[in-house]
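Per-entry structural report
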There are 2 protein chains.
Amino acid sequence: MPAAPAKSRPRKHLRPASPWEARRRPRHEHALKREAVIHAAARAFRERGYHNTSLDDLAASLKVTKPTLYLYVPNKEAILFECFRAGLAPIQETLDQCERASGPARERLFAFIRGYAAAIVGNFGWCMLRAEDQHLGATMSRRIKLLKAGIDKRMRALIEAGIADGSIRQCDARMTTFALAGALNWMGHWYREDASLKPQQIADRFIDVFNHGLRGRD
Amino acid sequence: MPAAPAKSRPRKHLRPASPWEARRRPRHEHALKREAVIHAAARAFRERGYHNTSLDDLAASLKVTKPTLYLYVPNKEAILFECFRAGLAPIQETLDQCERASGPARERLFAFIRGYAAAIVGNFGWCMLRAEDQHLGATMSRRIKLLKAGIDKRMRALIEAGIADGSIRQCDARMTTFALAGALNWMGHWYREDASLKPQQIADRFIDVFNHGLRGRD
């Protein structure tokens, strides 16, 4: 947590609201503060919207000046991109693990669904749903689309591996990927207002539906 | 189509780019022009983003002045709300039909999926994915959330009816609703760039997955 001061040197009062108030440490200080900027921005973007959050607001929330922010990030668009990358990172890690694991691909796909559900309700998960398109210039938007397409491709490969090993029945792997990604990303919309289930419980319900289907008696 | 002049009086040249250029007709003229504003706005919002589209841009695209726009709509937020309502209308109609129809609820749910898929790739469908939250004031945002929640509730009732009539196996109706709504709404993200399948074909693939599940051999 970038906002916490060094644990070995407790301060008299509460932990500072901003890492700029913390005791200076020579190492990693720049990286920690940059991370704090991105965390604070992710929170503000999610709560108030990207367009309704100015760098002035962000600077104020961190108790620094706007010129100070520019020491860490070049502009607001770059911050959103970093939020997106931070949101993507745990999803990519889960994919790495599921690709490396052994066992039927269906089980590995379901493990991925569990990891994805946890990531999507995290601090940066909403970016998967909203960072795209409208907020960013063409170049940045393309970079995000490419990163997202990479995730889709790997999900699809996992489904295809399942069809190949027989653990997943014959289906349209591309459409199944889109259906799964949609179900999971949509959590970013409703989860905060309806958090009666933990992400792992939601993932288990989704897995139940995607595993067995809805078909009852005919 | 609001942009077309009266068919009985063909004009020498191509149809006008704006209904303000069409021959004036006493009846429905205001409603037609209002509809044209909303159609043009939906297109602009989808292509350039809500925040990147000004009322000046919109007026220019319709070849009118901004004060003329105000004869039809009070502000940009109200236009987005109308886009959202227009996106919702065919979904609500499909629901009406599926609720009234006879037969097992699973079949009626699948008919709804087909209608929803067609609606989501329509002119206003993207609003289901994006109109919310960030763009609108609290009151407007709440109204949209309520309308969306109404759709969710009716989808869920259809699933519960299927569990009751035995056509849908026991499952978490609420989570199944969210999974289905997510899969369908997500089409608004990827469909334009990957339109190799028609909405009905996509719906059929989704139905296959949601009906039979992915489970292959164990």
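Rules of the game
- Residues numbered from 1 in each chain as written.
- Chains lettered and ligands numbered in written order.
- Predicted model: local features only at pLDDT ≥ 70, side-chain atom pairs only at ≥ 80, totals over all residues.
- Heavy atoms only, no water.
- Helix = DSSP H or I, 4+ residues; strand = E, 2+ residues; numbered from the N terminus.
- Expected span 1.5 Å × (residues − 1).
- Buried < 20%, exposed > 50% of the residue type's maximum accessible area, 1.4 Å probe, protein only.
- Phe/Tyr/Trp six-rings, centres within 6.5 Å; stacked < 30°, edge-to-face > 60°.
- Lys NZ or Arg CZ within 6 Å of the ring centre and 35° of its normal.
- Axes fitted to C-alpha atoms, helices over the stretch in contact; angles between N-to-C directions.
- Parallel < 35°, antiparallel > 145°, perpendicular 65-115°, else oblique.
- Left-handed = near helix turned anticlockwise from the far one by under 90°.
- Contact = heavy atoms within 4.5 Å.
- Nonpolar A, V, L, I, M, F, W, Y, C, P; charged D, E, K, R; others polar.
- Least-squares fit on C-alpha atoms with pLDDT ≥ 70 in both.

For helix α8 (residues 173-190) of chain A, spanning 18 residues, the distance from its first C-alpha to its last is 26 Å, which sits close to the expected 26 Å at 1.5 Å a residue. Extensive coverage of α8(A) is indicated by the burial of 18 of its 18 residues.

Take the packing of aromatic side chains next. Residue and element names in this part refer to chain A. Applying the stated criterion to the full structure yields 9 aromatic pairs over all chains. With 5.4 Å between their ring centres and 90° between their planes, Phe112 and Tyr116 make a pair best called edge-to-face. Here Phe112 pairs with Tyr116, and both are found in helix α5 (residues 105-120), just 4 residues apart, close to one helical turn. The aromatic ring of Tyr50 is capped on one face by Lys76, whose charged end is 4.3 Å from the ring centroid.

Right, let's talk about the packing of helix α5 (residues 105-120) of chain B against helix α8 (residues 173-190) of chain B for a bit. Residues and elements named next belong to chain B. Viewed as axis vectors pointing N to C, α5 and α8 meet at an angle of 25°, and their least axial separation amounts to 8 Å. Taken together, the axis directions place α5 and α8 in an arrangement best described as roughly parallel. Judged by the sense of rotation from one axis to the other, the crossing of α5 with α8 is right-handed. Residues Leu109, Ile113, Tyr116, Ala117 and Ile120 of α5 touch α8, and the partners they reach there are Leu180, Leu184, Asn185, Met187 and Gly188. Tallied by class, residues from the contact of α5 with α8 come to 8 nonpolar, 2 polar and no charged.

As a further point, take the relation of the copies chain B and chain A. It takes a turn of 180° to lay chain B on chain A, together with a shift of 0.0 Å along the axis; the resulting RMSD is 0.0 Å. Expressed as a symmetry operation, the mapping of one chain copy onto the other fits a two-fold axis. It is B:Gly213 whose C-alpha, among those of chain B, lies nearest the rotation axis, at 1.8 Å.

All quantities given are derived from atomic positions and should not be read as evidence of function.
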